[in-house]
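Each chain is listed here by its residues.
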Amino acid sequence: MASFNRVILMGNVTRDPQVRYTTGGMAVTELGLAVNRQWYDKASNQKKEEVTYVDVTLWGRQAEVAGEYLAKGRPVFIEGRLQLDTWDDKETGQKRSKMRVVGETLQLLGSRDGGSSGGRGESSSRGDSGSFDGGRGGRGSSRDGGQPAPSESMGSDYGDFGGGDDDVPF
């Protein structure tokens, strides 16, 4: 049976990200994301809203970018995958679990001055589209559970076509 684990979220950061480093030197950041849902309730004839809070973990260069450019209240777009963490509670001895999102692509939204501009993608960690995928070129690696190796470059998906008019076939 086929399976697919992909999450797409857009919301506001709930706390300032804190970048930490593993013993191997890999940056890691955990941040909270508030995602709003609005709908119209016909029964009460009112507009309703609910907020879902999601914990997101970012690794490598993405974690560093988040620590540098994100702050509480900033809008952000994140693509990633679900991961279930399980552990034994030291106080009660019960098994505990928590679902989190491991971010694989980060896109900064809003203006550079920290205010929200309706999510038009004006701010950028690379100065172009505002999208940052941790240097994987859109593809995950098998190292560290799909996280990029620190030595991976931020190359393009399309490679170098050489340039020049001689390459045009018409």
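An unreviewed UniProt entry lists the chain under the name Single-stranded DNA-binding protein, from Planctopirus hydrillae.

Tallying secondary structure elements over the chain gives one helix and seven strands in all. Starting at the N terminus and walking to the C terminus, you meet the elements of the chain as β-β-β-β-α-β-β-β. Buried residues in the chain amount to 35% of all 170 residues. Carbon and sulfur atoms form 47% of the exposed surface of the chain, whose accessible area is close to 11200 Å².

Once that is clear, we can look at the packing of aromatic side chains. Tallied over the entire structure, the rule returns zero aromatic pairs. One cation-aromatic arrangement involves Arg 37 over Trp 39; the distance from NZ or CZ to the ring centre is 4.3 Å.

In this structure, Asn 45 takes a positive phi of about 60° despite not being glycine. Among the structural elements, Asn 45 can be located in the loop between β3 (27-41) and β4 (46-59).

Looking now at the confidence of the model for the chain. The predicted coordinates should not be examined in detail at positions where pLDDT is low. With 65% of its residues at a pLDDT of 70 or more, the chain shows a mean pLDDT of 75. Taken as a whole, residues 116-129 scores under 50 in pLDDT and shows 36 contacts with residues more than four places along the chain or in a different chain.

Cut-offs applied
Within every chain, residues take consecutive numbers counted from 1 along the sequence as written. Given that this is a predicted model, residues contribute local features only at a pLDDT of at least 70 and side-chain atom pairs are listed and counted only at 80 or more, while totals for whole chains, interfaces and linings are drawn from all residues. The basis for every side-chain value is the complete set of heavy atoms in the structure, and neither hydrogens nor water enter the calculation. Numbered from the N terminus, helices here are DSSP runs of H or I no shorter than four residues, and strands are runs of E no shorter than two. Per-residue accessibility, obtained with a 1.4 Å probe over protein chains only, is compared with the maximum for each type, and a residue is labelled buried under 20%, exposed over 50%, and partly exposed between these values. Per-residue and other accessible areas follow the Shrake-Rupley method at a 1.4 Å probe size, with only the shown protein chains counted as cover for residues. Pairs were defined over the aromatic rings of Phe, Tyr and Trp, the Trp ring being its six-membered one, requiring ring centres within 6.5 Å. Orientation was assigned from the angle between planes: stacked under 30 degrees, edge-to-face over 60, tilted for the rest. In this scheme, the term charge over a ring applies when either NZ of a lysine or CZ of an arginine sits within 6 Å of the ring centre and within 35 degrees of the ring normal. Here pLDDT means the predictor's own confidence in every residue, given as a number from 0 to 100. What makes two residues a contact is simply this: any of their non-hydrogen atoms within 4.5 Å.

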